[in-house]
Amino acid sequence: MKADIHPDYHMIKVQMTDGTVFETRSTWGSEGDTLALDIDPTSHPAWTGGTRQVDQGGRVAQFNKRFGGLSLKKK
């Protein structure tokens, strides 16, 4: 490897959404920093099988809220 071109690789703490903490090596932050996750395998629907709305105020949700009651059916 070439010298002085690679990022610093150090130990950090990762805090999951349920409060558990583990240590790992990373180039993120600096030595001893804590990375707090917003979404992780304990809360993400891809791993839990549940249905959790991550973005409840998106463009599609706003459209459906505004025009959801309209219909193209003839009366």
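Summary of the structure given here.

Quick word on the overall build of the protein
Check the secondary structure of the protein and you find two helices and three strands. Counted from the first residue to the last, the protein has its helices and strands arranged as β-β-β-α-α. For the protein, with 75 residues in total, the buried portion stands at 11%. Here the contacts in the protein between residues at least 6 apart in sequence split such that 9% fall between residues at least 24 apart.

Comments concerning the side chain of S26
In this fold, S26 is placed in strand β2 (residues 21-26). Reaching out from S26, the side chain makes a polar contact with the backbone nitrogen of W28 at a distance of 2.9 Å. Excluding its chain neighbours within four sequence positions, the residues that come into contact with S26 are D8, Y9, H10 and I12.

Section: the side chain of D40
Positionally, D40 belongs in the loop between β3 (34-36) and α1 (45-48). Classification of D40 by relative accessible area gives buried; the value is 2%. Polar contacts involving the side chain of D40 include one to the side chain of T42, which spans 2.6 Å. Beyond its immediate sequence surroundings of up to four residues, D40 is in contact with M16, T17 and W47.

About the cut-offs
Residues numbered from 1 in each chain as written. Predicted model: local features only at pLDDT ≥ 70, side-chain atom pairs only at ≥ 80, totals over all residues. Heavy atoms only, no water. Helix = DSSP H or I, 4+ residues; strand = E, 2+ residues; numbered from the N terminus. Buried < 20%, exposed > 50% of the residue type's maximum accessible area, 1.4 Å probe, protein only. Contact = heavy atoms within 4.5 Å. Polar contact = N/O pair within 3.5 Å; in protein donor to acceptor, adjacent residues only side chain to side chain.

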